[in-house]
Amino acid sequence: MVTIYTIGFTKKSLKEFVDLLKKNKITKLIDTRLSRDSQLSGFAKSKDIKYVLEEVLKIKYEIIPEFSPTKDLLRTYQKDKDWEKYEEGFLGLIKERELERFKDIVLDEKERICLLCSEEKADKCHRRLLAEFFSSLGNKASVINL
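Residues numbered from 1 in each chain as written. Predicted model: local features only at pLDDT ≥ 70, side-chain atom pairs only at ≥ 80, totals over all residues. Heavy atoms only, no water.

(A) Expanded view of the pairing of strand β4 (residues 113-117). Buried residues dominate β4, accounting for 5 of its 5 residues. Burial of the side chains of β4 extends over both faces: I113, L115 and C117 are buried on one face and C114 and L116 on the other. As judged from the 4 bridges shared by strand β1 (residues 3-8) and β4, these two strands associate in the parallel manner. Each residue of the ladder has a partner; that of Y5, found in β4, is C114. In the sheet, strand β2 (residues 28-31) pairs with β4 via 4 bridges, with the strands oriented parallel. Along β4, the bridge assignment pairs L29 with C114. (Buried < 20%, exposed > 50% of the residue type's maximum accessible area, 1.4 Å probe, protein only. Helix = DSSP H or I, 4+ residues; strand = E, 2+ residues; numbered from the N terminus. Pairing = 2+ DSSP bridges.)

If you want it as structure tokens, here you go:
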């Protein structure tokens, strides 16, 4: 059975972040963020995290832009904090973008996949919605939020 892991970097030190990936034997991290290089990203700026993952930890790093929310959807949520509206909008994007075409990447049995975003907790983060969507396809993968 496949497990889809998710992780957010906010409120984690680089050591905590790395330790969680190592402890869970992650082999590939998929970046789902819309803004991968903002000054708020700290150690998780795309160039820096790619280096740490690939060169130091030997974890593959991939950016899949289709896994990110739109700027409008994110801006609206940041303004109104209406999670139900955001969730509905993001689930609509999953359908519109036909994300099931990425099923073989996310549910690859040879990899231990982890979806990255910035939110500390997954309950109100699109990475959870992505993980649950892919989990629902085919073999019912389990989801673990680190």
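So much for the structure itself; the text now carries on.
(B) Looking closely at the pattern of salt bridges. One pass over the full model with this rule turns up 11 salt bridges. Note that K28 and E62 form a salt bridge whose closest N and O atoms lie 2.8 Å from each other. Of this pair, K28 sits in strand β2 while E62 sits in strand β3 (residues 60-63); the two residues are 34 residues apart in sequence, bridging distant segments of the chain. Residue class for K28 comes out buried when judged on its relative accessible area of 14%. Three or more residues are tied together by salt bridges with common partners; here these are E87, R128 and E132. (Salt bridge = Lys/Arg side-chain N within 4 Å of Asp/Glu carboxyl O.)

These values are about where atoms sit, not about what they do.
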